[in-house]
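Listed here are the chains, written in short residue letters.
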Amino acid sequence: MSTTVRIKTLKIDGHDIGAREDETIMAVARQNGIVIPALCHVEGLAAVGACRMCLVEMKNSPRLLPACITRVEEGMDLTTNSERLIKYRRRILELLFSERNHVCAVCVSNGHCELQNMAQSLGMTHVNVPYLYPRLPVDASHDRFVVDHNRCILCTRCVRVCDEIEGAHTWDLMGRGIGVRVITDLNQPWGESESCTGCGKCVNVCPTGALVEKGKSVAEMMKQRQFLPYLTLMREEQR
Amino acid sequence: MSKPCLATVWLDGCSGCHMSFLDMDERLIDLAEKVEVVYSPLVDGKDFPEMADITLVEGAVSSAEDLEKIKHIRQHTRILVSLGDCAVTANVPSMRNVLEVDKMLREVYLEQVAGQPQIPNQVVPALLPQARPVHEVVKVDVFVPGCPPPADAIYFLLTELLEGRQPDLSALTRFGK
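Attention here is on the structure that accompanies the text. (Residues numbered from 1 in each chain as written. Chains lettered and ligands numbered in written order. Predicted model: local features only at pLDDT ≥ 70, side-chain atom pairs only at ≥ 80, totals over all residues. Heavy atoms only, no water.)

Right, let's talk about the pairing of strand β3 (residues 52-58) of chain B for a bit. All names here are of chain B. Among the seven residues that make up β3, six are buried, leaving the element largely enclosed by the rest of the structure. The sheet contact formed by strand β1 (residues 5-10) and β3 spans five bridges and is parallel. Counted as the bridge partner of Thr 8 is Leu 56 from β3. (Buried < 20%, exposed > 50% of the residue type's maximum accessible area, 1.4 Å probe, protein only. Helix = DSSP H or I, 4+ residues; strand = E, 2+ residues; numbered from the N terminus. Pairing = 2+ DSSP bridges.)

A word on the interface of chain B and chain A. Counting residues at the interface gives 26 residues for chain B and 21 residues for chain A. Both faces considered, chain B and chain A share a buried interface measuring about 1800 Å² in area, 61% of it formed by carbon and sulfur atoms. When the buried surface of chain B facing chain A is broken down by residue, Val 98, Arg 174 and Phe 175 of chain B rank first, second and third, together holding 34% of it. On the surface where chain B and chain A come into contact, there are zero salt bridges. Between the two partners, chain B and chain A, sit eight residue pairs in polar contact (both at pLDDT 80 or more). Mapped by element, the contributors of at least two residues to the side of chain B that touches chain A are α4 (85-89) and β6 (127-132) of chain B. The leading source of residues in the side of chain B that touches chain A is β6 of chain B, at three residues. (Contact = heavy atoms within 4.5 Å. Buried area = accessible area lost by both parts, 1.4 Å probe. Salt bridge = Lys/Arg side-chain N within 4 Å of Asp/Glu carboxyl O. Polar contact = N/O pair within 3.5 Å; in protein donor to acceptor, adjacent residues only side chain to side chain.)

All names here are of chain B. Judged by side-chain polarity, Met 19, Leu 22, Val 37, Leu 42 and Val 43 come together as a nonpolar surface patch covering roughly 360 Å² of accessible area. Within the secondary structure, Met 19 sits in helix α1 (residues 16-22). A relative accessible area of 44% means that Met 19 is categorised as partly exposed. (Patch = residues over 30% accessible without salt bridge, like charges linked within 9 Å, V, L, I, M, F, W, Y side chains within 5 Å. Areas by Shrake-Rupley, 256 points an atom, 1.4 Å probe, with all protein chains shown as cover.)

As structure tokens, this is what we get:
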């Protein structure tokens, strides 16, 4: 079987770029020093295009493309940072903030939160839509970890890392639309989960304070993610 | 020429934003030369003036009194500033929003007390069903996130507004800071 990979040429933000045909816009942009914001995407896990923060514009197309799951094509002319994109990204962020109870002031991830950082980098000073203030549980039944649904943005990083890297598939999603929740096993308390290995990978990939370690203070709750690409690479080699 | 009038108001907040205001330290003296503080928990003026040039609002809109106050202030202010996370997002006061007010008051004042159970209904203003950000109730001109916004951010905000500019505070403060 041939393993030849074709090279595509395209433009990103006016720069001429050559890329392998099996690469995504996000990967190619990052290799070329162009930062496209993302919340659900993390290096080392399968891309799902859930958060829509990475939408980019393509010339002569009315549709916006999610950069993390769209492969490069010949002749693409992409813009990653226009006024229009910033406006949409900010609105998506506002919806994320309004949908749950992200009270940064009393969050253990305050100062180390990707959602909070994103709000600052996109200049989001307030939320234009009404807050919903849903009543959501906090599950502290696990010996070492806590899941606070008030702070979950449904990026599914925990679901993917548990399935793809740890191989336990403890995490999954339940419900539809605005009622979606991350669950452990068949929506049992995390502490009673028989499949959870307690590895803590889900906690470390979580972008917000939704998954945290018990007993850690605000200054201590730093997430470690650098291990992910390495683990993925090792798994690939074994297969 | 008279100095621009500055007012500050404290709704449902912890006064941390006002403490941060005081944290401007010696810059308060510079500021005192540029503005007249006409109404604030920090000064003795009892009535809101006919027209304030800038009003800094700390806290969420949580009670009937907050609502009445902020509506009055909006009508008598040129530039209304939501100062801090409680004013901008309802922040910590909003954590009670998932509870029903009547049920909560009954539990706190009737069911869990040993003597003289009574729900306060005099002097203390009635709670609104939910604590809300200021801009959901009245128009806000400038938003300053932060819990509390640092003194540097407040000083920059005021000096920029006094120069007639719209301040960009993104480098100085953020939600939760």
